[in-house]
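The lines below spell out each chain.
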Amino acid sequence: MTMQWKNGKTGYGWFSILLHWAVALLVFGLFGLGLWMVDLGYYDAWYQRAPWWHKGLGVTMLALVLVRLAWRRANPVPRPMAGHAAWEVRLSRAVHRLFYLLLLLLALTGYLMVTAAGDGLEVFDWFVIPATLSDVDGQEDLAGDLHRWLAWTTVGLAGLHAAGALKHHLLDRDATLKRMLRPGPDVT
Amino acid sequence: MSRRLTVLLLGLALAFPAWSADYVIDTAKDHAFIHFRIKHLGFSWLYGRFNEFEGTFSYDEAAPEKSAVDITIDVASLDTNHAERDKHLRSDEFFDVERYPQATFTSTAFRPDGQGGGVLVGELTLRGVTRPVEIAVEQIGSGKDPWGGFRRGFQGRTTLALRDFGIDYDLGPSAREAEVILSIEGVRQ
């Protein structure tokens, strides 16, 4: 049996599934890390390290989001489940689009905050993304405020997204959640 | 104002030219700087500055004890060449610029040292706290500039305890005080 990497007509392939959960993990990890690190004291051992991880992982998340967007184009998204109502399909599509928008804006505001004085953004001592727009009055403050609100909106939306998946799993007893856990038998 | 009174006042003004010369600090062309420095962990000096401020002073060579200074600083304009640090410094853990956007210094007395400088006493309002401070002042120079104006410049220095102005963030034992260095050039009006 070969691994089902690509999406089928009704189910997700492994590539989409793994990307989905990797981004989910990163979103919650980055959120927790971000909330925790801004209150660290100056003498905390993590004072330098936590933002270093947050930046590197944030750029990793952006890369995965871009791969997901490319994968959607290269490899069509499975059809909505037959049992879903039209409003459910519309709502879930809107939520998915909003997720992509929020994650891209989170990456952008994070970048603009870090690079506001012209310093580049360090990615794991591996490479540096140079500053482009910098020295705008109040840039780091505005970008920082937006970053915080976008983050709260994203985890709020993720909660809604998870509640929807659980509703389908537990109440409607359909395969909505299961098909994001492994490729279904109908994947061709 | 009547014409006669105008002529009289003009005559008086010409007769006593330097009663209390008023200078505007040359922030328009950036010949004035307010720097601060604080020790980083006790290993080195970290410098920052306030980019936006304005002020005036009076200085009369014949009666320097009557000198007076007024400065208003836009605290949010602080700049230490590092966006994340600046953002942190503007937050409520340090200057809390949202609640206290302005800092002001108003002099109350000047004790001349006989060499053009002296000790400037005044009230500094920073982060909503008003405290008396003393600034050691040295006069750097004065005279006509090449463009028809008259300028006078000073450098002042003072040390502030962060806690006095409600800043409790622990930067370590060697960073409880910050020095403020004011390099001020005024253009006589």
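Summarised in this report is the structure supplied together with it. Because the structure is a prediction, the values reported are computed rather than measured. Position numbers for residues count from 1 along each chain, tracking the sequence in the order it is written. Here every chain gets a letter starting at A, and every ligand a number starting at 1, in the order they are written. With pLDDT at 70 or above as the cut-off, local features in this predicted model cover only qualifying residues; side-chain atom pairs require 80 or more to be listed or tallied, and sums for whole chains, interfaces and linings still use all residues.

**So, the overall build of chain A**
(1) Moving on: For the purposes of this entry, the term helix denotes a DSSP run of H or I that reaches at least four residues, the term strand denotes a run of E that reaches at least two, and both are numbered from the N terminus. What chain A contains, in helices and strands, is four helices and two strands.
(2) Moving on: Reading chain A from its N terminus to its C terminus gives the helix and strand order α-α-α-β-β-α.
(3) Moving on: Dimensions of chain A along its principal axes, counting C-alpha atoms only, are 55 × 35 × 30 Å.
(4) Moving on: A total of 188 residues make up chain A; the buried ones form 17% of that total. Using C-beta atoms placed from the backbone, we call a residue buried if 20 or more other C-beta atoms fall within 10 Å of its own, exposed if 12 or fewer do, and partly exposed for counts in between.

**Brief notes about the interface of chain A and chain B**
(1) Moving on: The contact rule is simple: place each C-beta atom from the backbone, and if two of them lie within 7 Å, those residues are in contact. Every contact between the two is made by eleven residues of chain A and, on the other side, ten residues of chain B.
(2) Moving on: Of all the secondary structure elements, the ones that give two or more residues to the side of chain A that touches chain B are helix 3 (86–114) and helix 4 (139–171) of chain A.
(3) Moving on: At three residues, the largest contribution of residues to the side of chain A that touches chain B is made by helix 4 of chain A.
(4) Moving on: Residue composition of the side of chain A that touches chain B, by class: six nonpolar, two polar and three charged. Residue classes follow a fixed rule: Ala, Val, Leu, Ile, Met, Phe, Trp, Tyr, Cys and Pro count as nonpolar, while Asp, Glu, Lys and Arg count as charged, and any other residue, Gly among them, counts as polar.

**What about the packing of helix 2 (residues 46–74) of chain A against helix 3 of chain A?**
Residue and element names in this part refer to chain A.
(1) Moving on: To obtain each axis, a line is fitted to C-alpha atoms, and for helices this fit is confined to the stretch in contact; angles are then taken between N-to-C directions over 0 to 180 degrees. Here helix 2 crosses helix 3 at 145°, and the two axes come no closer than 10 Å. Our pair here, helix 2 against helix 3, has a crossing hand that is left-handed. Taken together, the residues of helix 3 that come into contact with helix 2 (itself represented by Lys55, Gly58, Met61, Leu62, Val65 and Leu69) are Tyr100, Leu103, Leu104, Ala107, Gly110 and Val114.
(2) Moving on: Tallied by class, residues from the contact of helix 2 with helix 3 come to nine nonpolar, two polar and one charged. Crossings are sorted by hand: turned counterclockwise from the far helix by less than a right angle, the near helix makes the crossing left-handed, and turned clockwise it makes it right-handed.

**Considerations on the pairing of strand 5 (residues 68–74) of chain B**
Residue and element names in this part refer to chain B.
(1) Moving on: Burial along strand 5 is one-sided: the residues Val69, Ile71 and Ile73 are buried and none of Ala68, Asp70, Thr72 and Asp74 is.
(2) Moving on: In this description, strands pair whenever DSSP reports at least two bridges between them. Across six bridges, strand 4 (residues 53–58) lies against strand 5 in antiparallel orientation. When the sheet's bridge partners are listed, Gly55 is paired in strand 5 with Ile71.
(3) Moving on: In this structure, strand 5 lies alongside strand 7 (residues 102–112), joined through five bridges in antiparallel fashion. Its bridge partner being in strand 7, Asp74 is matched across the sheet by Gln102.

**Looking at the packing of helix 1 (residues 14–37) of chain A against helix 2 of chain A**
All names here are of chain A.
(1) Moving on: Two elements in contact, helix 1 and helix 2, have axes whose closest approach is 9 Å; the angle formed by their N-to-C orientations is 150°. One element, helix 1, and the other, helix 2, form an angle in the roughly antiparallel class. For the element pair helix 1 and helix 2, the recorded crossing hand is left-handed. Roughly parallel refers to an angle under 35 degrees, roughly antiparallel to one over 145, roughly perpendicular to one between 65 and 115, and oblique to any angle outside these ranges.

**A few points about the nonpolar core**
Within soluble globular proteins, side chains that are nonpolar tend to cluster in buried spots.
(1) Moving on: As used here, a nonpolar core is made of buried Ala, Val, Leu, Ile, Met, Phe, Trp, Tyr and Cys residues. They are joined through C-beta atoms within 7 Å. Membership of the largest hydrophobic core comes to 31 residues, with the highest contact counts inside it found for Phe50, Ile73, Val75, Leu78 and Phe95 of chain B.
(2) Moving on: Of all elements in the fold, only strand 1 (22–25), strand 4, strand 5, strand 7, strand 8 (118–126), strand 9 (129–144) and strand 11 (177–188) of chain B reach the threshold of two or more residues within this core.
(3) Moving on: With residues up to four places along the chain from it excluded, the contact list for Val75 of chain B reads Phe50, Phe95, Val97, Tyr100, Pro101, Gln102 and Ala103 of chain B.
(4) Moving on: With ten residues, the next largest nonpolar core counts Val23, Leu102, Leu103 and Leu106 of chain A among its residues.

**What to know about helix 2 (residues 83–90) of chain B**
(1) Moving on: Taken as a whole, helix 2 of chain B has its buried residues at Ala83, Asp86, Leu89 and Arg90 of chain B. For helix 2 of chain B, the arc enclosing every buried residue in end-on projection is 125°, short of the 170-degree limit, so these residues lie on one face.
(2) Moving on: Residues of helix 2 of chain B that are buried sit in contact with helix 3 and helix 4 of chain A together with strand 6 (78–79) of chain B. What the arc measures is the spread of directions leading from the helix axis to the C-beta atoms.

**Considerations on unusual backbone geometry**
All names here are of chain B.
(1) Moving on: Phi angles above zero are rare outside glycine, and Asp30 is one such case at about 55°.
(2) Moving on: Inspection of the secondary structure puts Asp30 in the loop between strand 1 and strand 2 (33–40).
(3) Moving on: Taking the C-beta count within 10 Å as the criterion, Asp30 has 9 such neighbours and is therefore assigned exposed.
(4) Moving on: Look at Leu41: it is not a glycine, yet its phi comes out positive at around 60°.
(5) Moving on: Within the secondary structure layout, Leu41 lies in the loop between strand 2 and strand 3 (44–50).

**Let's talk about the environment of Leu160 of chain A**
All names here are of chain A.
(1) Moving on: Here Leu160 shows up in helix 4.
(2) Moving on: On the basis of neighbour count, Leu160 is assigned to the exposed category, with 12 C-beta atoms found within 10 Å.
(3) Moving on: As a C-alpha pair, Leu160 and Val95 span 65 residues in sequence and 9.1 Å in three-dimensional space.

**A closer look at helix 2 of chain A**
(1) Moving on: Helix span is expected to be 1.5 Å times the residue number reduced by one. Here helix 2 of chain A spans 41 Å end to end across 29 residues, near enough to the 42 Å set by a 1.5 Å rise per residue.
(2) Moving on: Looking only at helix 2 of chain A, the buried set comprises Gly58, Val59, Met61, Leu62 and Val65 of chain A.

**Overview of the pairing of strand 3 of chain B**
Residue and element names in this part refer to chain B.
(1) Moving on: Relative to strand 3, strand 2 runs antiparallel, the two being bridged by seven bridges. Opposite His35, over in strand 3, you have Arg49 as the bridge partner.
(2) Moving on: Hairpin connection, strand 2 to strand 3: the antiparallel pair is bridged by three residues, and Leu41 has positive phi, about 60°.
(3) Moving on: Pairing between strand 3 and strand 6: two bridges, direction antiparallel. Bridging from a neighbouring strand, Arg49 pairs with Asp79 of strand 6.

**Looking at the environment of Gly83 of chain A**
Residue and element names in this part refer to chain A.
(1) Moving on: As for its placement among the helices and strands, Gly83 is situated in the loop between helix 2 and helix 3.
(2) Moving on: Measuring from C-alpha to C-alpha, the distance between Gly83 and His168 comes to 9.9 Å, with 85 residues separating the pair along the chain.
(3) Moving on: Among residues more than four places away in sequence, those in contact with Gly83 are Asp172 and Asp174.

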